[in-house]
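The chain contents come next:
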Amino acid sequence: MELESTAIKELIAKAIKMLDYSYVPYSHFHVGAALLAKNGTVYTGCNIENAAYGPSNCAERTAVFKAVSEGVKEFDAIAVVGGPEGQIKDFCPPCGVCRQVLAEFCTRDFKVILAKSLEEYRIFTLEQLLPESFSL
Ligand code: THU
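Residues numbered from 1 in each chain as written. Predicted model: local features only at pLDDT ≥ 70, side-chain atom pairs only at ≥ 80, totals over all residues. Heavy atoms only, no water.

### Structural notes on the site of the ligand
Moving on, step 1. Residues in close proximity to the ligand include S27, F29, V31, N47, E49, C58, A59, E60, P93, P94 and C95, which together make up its full environment.
Moving on, step 2. Contact distances for the ligand include 2.7 Å between an oxygen atom and a side-chain N or O atom of E60.
Moving on, step 3. In the environment of the ligand, an oxygen atom lies 2.8 Å from a nitrogen or oxygen atom belonging to the backbone of C95.
Moving on, step 4. Because more than half of its atoms lie within 2 Å of the grid, the ligand is assigned to the largest pocket.
Moving on, step 5. Elements with a contribution of two residues or more to the shell around the ligand: β1 (29–37) and α2 (59–68).
Moving on, step 6. Looking at the shell around the ligand, its residues break down into 7 nonpolar, 2 polar and 2 charged. (Near = heavy atom within 4 Å. Polar contact = N/O pair within 3.5 Å; in protein donor to acceptor, adjacent residues only side chain to side chain. 1 Å grid on protein atoms, 1.4 Å probe; cavity = no way out; pocket = protein on both sides within 12 Å on 5 of 7 lines; lining within 4 Å. Sits in = over half its atoms within 2 Å of the grid points. Helix = DSSP H or I, 4+ residues; strand = E, 2+ residues; numbered from the N terminus. Nonpolar A, V, L, I, M, F, W, Y, C, P; charged D, E, K, R; others polar.)

### Thoughts on the pairing of strand β3 (residues 75–84)
Moving on, step 1. Counting buried positions along β3 gives 9 out of 10 residues, so the element sits mostly inside the fold.
Moving on, step 2. Direction of pairing for β1 relative to β3: antiparallel, over a ladder of 9 bridges. Within the sheet, the bridge partner assigned to G32 lies in β3 and is V81.
Moving on, step 3. Pairing analysis gives 4 bridges linking β3 to strand β4 (residues 111–115), with the strands arranged parallel. By the bridge assignment, A79 is partnered in β4 with I113.
Moving on, step 4. One crossover worth recording links β3 to the parallel β4 by way of helix α3 (residues 96–105), and it is right-handed. (Buried < 20%, exposed > 50% of the residue type's maximum accessible area, 1.4 Å probe, protein only. Pairing = 2+ DSSP bridges. Right-handed = clockwise from strand over helix to strand, strands pointing away.)

### Side note on unusual backbone geometry
Moving on, step 1. In this structure, H28 is a non-glycine residue whose phi angle is positive, near 60°.
Moving on, step 2. Secondary-structure assignment places H28 in the loop between α1 (5–18) and β1.
Moving on, step 3. Not every positive phi belongs to a glycine, and Y53 is a case in point at roughly 60°.
Moving on, step 4. With respect to the secondary-structure elements, Y53 resides in the loop between β2 (42–46) and α2.

### Looking at the sheet that holds strand β5 (residues 121–125)
Moving on, step 1. Read across the sheet, 5 strands follow the order β2-β1-β3-β4-β5 without closing on themselves; strand pairing throughout is mixed. Edge positions in the open sheet fall to β2 and β5, since each of these has one partner strand only. Sheet twist, expressed as the average angle between the axes of neighbouring strands with direction ignored, equals 20°.
Moving on, step 2. Of the strands in this sheet, β1, β2, β3, β4 and β5 touch α1, which is tilted by about 140° from β1. (Axes fitted to C-alpha atoms, helices over the stretch in contact; angles between N-to-C directions. Contact = heavy atoms within 4.5 Å.)

### Describing the packing of aromatic side chains
Moving on, step 1. Counted under the stated rule, the structure contains 1 aromatic pair.
Moving on, step 2. Plain terms: the ring middles of Y26 and Y53 are 5.7 Å apart, the flat faces sit at 45° to each other, and that makes the pair tilted. Separated by 27 residues along the polypeptide, Y26 in the loop between α1 and β1 and Y53 in the loop between β2 and α2 bring together distant segments of the chain.
Moving on, step 3. With a relative accessible area of 57%, Y53 lands in the exposed category.
Moving on, step 4. Cation over ring: K116 sits above F91, and NZ or CZ is 4.9 Å from the ring centre. (Phe/Tyr/Trp six-rings, centres within 6.5 Å; stacked < 30°, edge-to-face > 60°. Lys NZ or Arg CZ within 6 Å of the ring centre and 35° of its normal.)

Listed below in structure tokens is the structure:
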């Protein structure tokens, strides 16, 4: 599936907006995500931390869980941005746990868009980020 550059920029813009909603009193590291479902709906997510640390949830998983909890399980792409105090300084690749959660629902050609801005981004397939992944 080819993504047009306007669609890519729209996803990045939605991910950037989510940085405002990150709940990060511990790390102060904001992450925003925008997940494009095959039906065209975009599910957004932010990271949500917890005083007990372990229950914290990443932005990517927030987006996936919002979608799946509404019955949507087929996706084409996700945009991810992040940085300290919400300032994007570098690319913010998904953690290993989020890669595995994406692999539960997404095919190998699912696109992961890592962005520094609307103009500066890199696109990876899930297969590139999680090769030889586990599934039942
Ligand atoms: N974080 C994400 O939201 N996504 C990732 O893929 C990596 C890490 C969050 C978790 C925590 O709230 C903060 O970034 C610092 O680790």
